[in-house]
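# Results of the structural survey
For reference, the chains in residue letters:
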Amino acid sequence: MNKILVGMSGGVDSSAAALLLKQQGYDVAGCTLKLYDGNDTGDALTRTCCSLSDVEDARMVCYKIGIEHFVFNFKELFRTHVTDKFADSYINGETPNPCILCNRHIKFEKMLHRALELGFDGIATGHYAKIQREVKTGRYLLMRPADRKKDQTYVLYNMTQFQLEHTIFPLYGLDKSQIRAVAEENGLVNARKPDSQDICFIPDGDYAKFISEYTGRDFPGGDFLDVDGNIIGKHGGVHRYTIGQRKGLGVTFGKPMFVCGKDAVRNTVTLGDSESLMKTVVEAEDVNLISVSDITEPMRITAKTRYNMQDAPGILERAGDSRIRVTFDTPQRAPARGQALVVYDGNIVVGGGTII
């Protein structure tokens, strides 16, 4: 690949990715995706991405390094594949990961498709991950980066062989301090810009408020249950709670209690002690495999059920035509329906799926 379109969020990582590719001799252009309607005022938007100021930052970086800049309006696609699904998942008692949805349907599907339509050979982003082709099998592998603290392979497990073949991750061998140094040395306007911390379309982090306003619905309260099914209190709506949550329950019990189950049909939230959150067996559906074409026999692997956790050892096996199962060596805390189960063979991503 020579002609590369770089997805640029306005942050330092994607800006450095464009700069490094240009320095390496690639024919580079940048693009920023307009994904949602939002204002560009106040401090709330300074640590998200895709705001109007982010578009301007990306444009200024492209001007500085001498490359063309595009803005693509993908708002309707983002609404269909990300915000609608995010709201629906919470309403149905799940805990979705919108970054995984965005990567799957927007960045590595629609953006790549648009790039190829415009005559580019592929795309690049500022994700911290590595792509490598295995000579023996010919498969493209998704691998962890050098800086494991910035490892983003968890949110990339849905990438297909075609997408991996047409994608470059220029930052895989660098850490954050090196990225900022490169940006500062080259006078990029966002060299010291803080990293994005929140979901881009919920800058204040209030998921329940967003879902109520987004759907225009009022969600009735219901019963808190203990693990034996006894009513122990009243909750304010299933969409307000996530698996593992302890604070903000609105009820005190004289001891720590955690959300360990949600039933949207019965409108109940189950509470228990910390032991109630522990699970040894986790299954997932809507599976995407990367390093192998199929799971034909049990594999010794490591896996994680949330982005910010250390992967743990266990056994991976098929659990039907469209499901996988991981049996962990030790119980894992609070795997939640809707989150991803991502499986590793050392530094290589085997694949993953949506926890059920």
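Details of the structure are given in the entry above.
This section reports on the structure supplied with the text. Computed from a prediction, not measured in an experiment: that's the story for all the values here.

### So, the overall build of the chain
Of regular secondary structure, the chain possesses 7 helices and 17 strands. The globule rule puts the C-alpha radius of gyration for 356 residues at 21 Å, and the 21 Å found for the chain is close to it. Seen through its principal axes, the chain has C-alpha atoms that stretch 65 × 50 × 35 Å. The buried share of the chain, reckoned over its 356 residues, is 51%. Relative to all contacts within the chain whose residues are 6 or more apart in sequence, the contacts with residues 24 or more apart total 65%. Of the roughly 16,400 Å² that the chain leaves accessible, carbon and sulfur atoms contribute 46%. In the chain, the 43 positive side-chain charges and the 45 negative ones have mean positions that sit 2 Å from each other.

### Quick word on the state of the cysteines
According to the stated counting rule, one finds 0 disulfides in the structure shown. With no disulfide partner, C99 has as its closest neighbouring cysteine sulfur the one in C102, 7.2 Å distant.

### What about a negative patch on the surface?
Residues D198, D204, D206 and E213 make up a contiguous surface patch of negative charge. Structurally, the position occupied by D206 is in the loop between α6 (176–185) and α7 (207–215).

### Regarding the nonpolar core
One finds F78 and F201 to be the most contacted residues of the largest nonpolar core, which totals 45 residues. Looking at this core, the elements that each hand over two or more residues are β2 (27–34), α3 (75–91), α4 (98–117), β6 (140–143), α7 and β16 (340–345). In contact with F78, not counting residues within four places along its chain, are L35, Y36, T83, C102, I106, C200 and F201. Among the nonpolar cores identified, the runner-up in size contains 25 residues, and V12, L21, V61 and A183 belong to it.

### Considering the environment of Q132
Here Q132 shows up in strand β5 (residues 130–133). What Q132 contacts, discounting residues up to four positions off in sequence, is R139, Y140, L141 and M143. A polar contact of 3.4 Å, which involves the side chain of Q132, links it to the side chain of K130.

### A short note on the pairing of β6
Burial along β6 is two-sided: the face carrying Y140 and L142 and the face carrying L141 and M143 are both buried. Both β5 and β6 contribute to a ladder of 4 bridges, which runs antiparallel. Residue pairing across strands places Q132 opposite L141, the latter belonging to β6. Counting the residues that bridge the hairpin from β5 to β6 gives 6 residues, and of these G138 lies at a positive phi of roughly 80°.

### Quick look at the packing of α3 against α4
Two numbers describe how α3 lies on α4: the axes approach to 9 Å, and their chain directions differ by 165°. Taken together, α3 and α4 sit at an angle that is classed as roughly antiparallel. The handedness of the crossing between α3 and α4 is right-handed. Taken together, the residues of α4 that come into contact with α3 (itself represented by L77, F78, H81, V82, K85 and F86) are P98, L101, C102, H105, I106 and K110. Tallied by class, the residues present in the contact of α3 with α4 amount to 8 nonpolar, 2 polar and 2 charged.

### What about the sheet that holds strand β9 (residues 231–235)?
Strands pair in a sheet through their backbones, by hydrogen bonds, and they do so in one of two ways: parallel or antiparallel. Strand order across the open sheet formed by 4 strands is β9-β8-β11-β10, with mixed pairing between neighbours. Pairing within the sheet leaves two strands with one partner each, and these edge strands are β9 and β10 (258–263). Shown here is a sheet whose adjacent strand axes are inclined to one another by a mean of 30°, direction ignored. Judged from the 3 bridges that link them, strand β8 (residues 222–225) and strand β11 (residues 268–272) form a sheet pairing that is parallel. The residue bridging D223 from the neighbouring strand is T268, located in β11.

### Some words on unusual backbone geometry
Located in the positive-phi region is N267, a residue other than glycine, with phi close to 60°. Considering the arrangement of structural elements, one finds N267 in the loop between β10 and β11. Classification of N267 as buried rests on a relative accessible area of 18%.

Calculation notes
Residues numbered from 1 in each chain as written. Predicted model: local features only at pLDDT ≥ 70, side-chain atom pairs only at ≥ 80, totals over all residues. Heavy atoms only, no water. Helix = DSSP H or I, 4+ residues; strand = E, 2+ residues; numbered from the N terminus. Rg over C-alpha atoms; globule rule 2.2 N^0.38 Å. Buried < 20%, exposed > 50% of the residue type's maximum accessible area, 1.4 Å probe, protein only. Contact = heavy atoms within 4.5 Å. Areas by Shrake-Rupley, 256 points an atom, 1.4 Å probe, with all protein chains shown as cover. Lys, Arg positive; Asp, Glu negative; His and termini not counted. Charge placed at Lys NZ, Arg CZ, Asp CG, Glu CD. Disulfide = S-S within 2.5 Å. Patch = residues over 30% accessible without salt bridge, like charges linked within 9 Å, V, L, I, M, F, W, Y side chains within 5 Å. Salt bridge = Lys/Arg side-chain N within 4 Å of Asp/Glu carboxyl O. Core = buried A, V, L, I, M, F, W, Y, C linked by side-chain atoms within 4.5 Å. Polar contact = N/O pair within 3.5 Å; in protein donor to acceptor, adjacent residues only side chain to side chain. Pairing = 2+ DSSP bridges. Axes fitted to C-alpha atoms, helices over the stretch in contact; angles between N-to-C directions. Parallel < 35°, antiparallel > 145°, perpendicular 65-115°, else oblique. Left-handed = near helix turned anticlockwise from the far one by under 90°. Nonpolar A, V, L, I, M, F, W, Y, C, P; charged D, E, K, R; others polar.

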